[in-house]
Amino acid sequence: MTTKRDIAGETIWAAELTDDELERARRGLTERLFSKGSYICHRGDRLDHWTGVVEGLIKISAISAAGKAMTFAGVTDGGWFGEGSVLKNEPRQYDVVAIRDTRLAMLSRSSFLWLYENSTGFNRFLVRQLNERMGQFIATIEYDRILGPTARVARNLSWFFNRTLYPRAGTTIEISQEELGLLAGVSRQVVNRALRALEDEGLLKAEHGRITVVDAGALSHYES
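Residues numbered from 1 in each chain as written. Predicted model: local features only at pLDDT ≥ 70, side-chain atom pairs only at ≥ 80, totals over all residues. Heavy atoms only, no water.

## Description of the overall build of the chain
Inclusion rule: Secondary structure counts use DSSP, requiring at least four H or I residues in a row for a helix and at least two E residues in a row for a strand, with both numbered from the N terminus. We call two residues in contact when some of their heavy atoms are within 4.5 Å. What sets the accessible areas is the Shrake-Rupley method with a 1.4 Å probe; for residues, cover comes only from the shown protein chains. The sign given to each residue is positive for Lys and Arg and negative for Asp and Glu; His and the chain ends receive no count. By convention, the charge on Lys lies at NZ, on Arg at CZ, on Asp at CG and on Glu at CD.
Regarding its fold elements, the chain presents nine helices and eleven strands. Once the C-alpha set of the chain is aligned to its principal axes, its extents read approximately 50 × 40 × 30 Å. Contacts in the chain between residues at least 24 apart in sequence constitute 70% of all its contacts with a sequence separation of at least 6. For the chain, the computed accessible surface area is about 11,200 Å², with 48% contributed by carbon and sulfur atoms. Across the chain, 29 positive and 29 negative side-chain charges occur, with their mean positions spaced 4 Å apart.

Put into structure tokens, the structure is as follows:
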């Protein structure tokens, strides 16, 4: 099993830290496992840690007063989320749900704030992360308002190949049609049709529980 030390060293922000800073981060890390469908946190919860996905897939979502479910983002292996709530020391504004069995790394708030106050490299990473996430959330509004279902599937899929958020991403992601539908806000049947259309255009190859992307750039700008 991966050790705490290994997890710290393999994070996407580890390369930004000095040896002393990384050791401080290691001391503040813990792990937790969440089964598929379980809530990692609810809207209104107060968190005392910053969270990264070691292995698995989560969605950041909310349910409106009218009962409409809205998904804002998905995070998979290597991605970190929740820095805004930790920085502002405020309750979570969204629900976080495990879409599949997921293993999380949790950096204590005290360790996070120490890095924030003392590490130039860590702050560089946070600026990039926050900027990229802001662009992602704005894009989500655009998708819901003006794009058709195939384009919504294509663009939501392209998030997982964003090199800023997932610098070690390859060309393949293990994700089911049901999971992708939850992220795109469409049914599994719609995802199936969309993937067939995108495959016919040569942009990806869809297999059972796995999608290999041929042109991530084209998916991120898909409009049909």
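## Considering the sheet that holds strand β4 (residues 57-63)
Here is the rule: When DSSP finds at least two bridges between two strands, those strands are taken to pair. To obtain each axis, a line is fitted to C-alpha atoms, and for helices this fit is confined to the stretch in contact; angles are then taken between N-to-C directions over 0 to 180 degrees.
Ordered by their spatial adjacency, four strands build an open sheet running β2-β7-β4-β5, and the pairing between neighbours is antiparallel. Among the strands making up the open sheet, the edge pair consists of β2 (39-41) and β5 (69-76). Recorded for the sheet is a direction-independent mean angle of 30° between the axes of neighbouring strands. With four bridges connecting them, β4 and strand β7 (residues 95-98) associate as antiparallel partners. Residue pairing across strands places Ile-58 opposite Ala-98, the latter belonging to β7.

## Description of unusual backbone geometry
To keep things clear, this is the line we draw: Burial classes: relative accessible area under 20% of the type maximum marks a residue as buried, over 50% as exposed, and values in between as partly exposed (1.4 Å probe, protein chains only).
The backbone of Asn-89 shows a phi angle near 50°, a positive value even though the residue is not glycine. Looking at the element boundaries, Asn-89 is found in the loop between α3 (83-88) and β7. Take Asn-89: its relative accessible area is 43%, and that puts it in the partly exposed class.

## What about the side chain of Glu-21?
As a reminder, the rule being used: Put simply, a salt bridge is a Lys or Arg side-chain nitrogen that is within 4 Å of an Asp or Glu carboxyl oxygen. Pairing of N or O atoms within 3.5 Å defines a polar contact, subject to two protein rules: one partner must be a possible hydrogen donor and the other a possible acceptor, and residues neighboring in sequence count only if both atoms are side-chain atoms.
Relative to the elements of secondary structure, Glu-21 occurs in helix α2 (residues 19-27). The buried charged residue Glu-21 lacks any salt bridge partner; its closest oppositely charged side chain belongs to Arg-124, at an N-O distance of 8.0 Å. Within the structure, the side chain of Glu-21 is placed 2.9 Å from the backbone nitrogen of Thr-18, a separation counted as a polar contact. The residues contacting Glu-21, other than those within four sequence positions of it, are Glu-16, Trp-114, Leu-115, Asn-118 and Ser-119.

Limitation: the analysis is restricted to geometry and does not speak to function.
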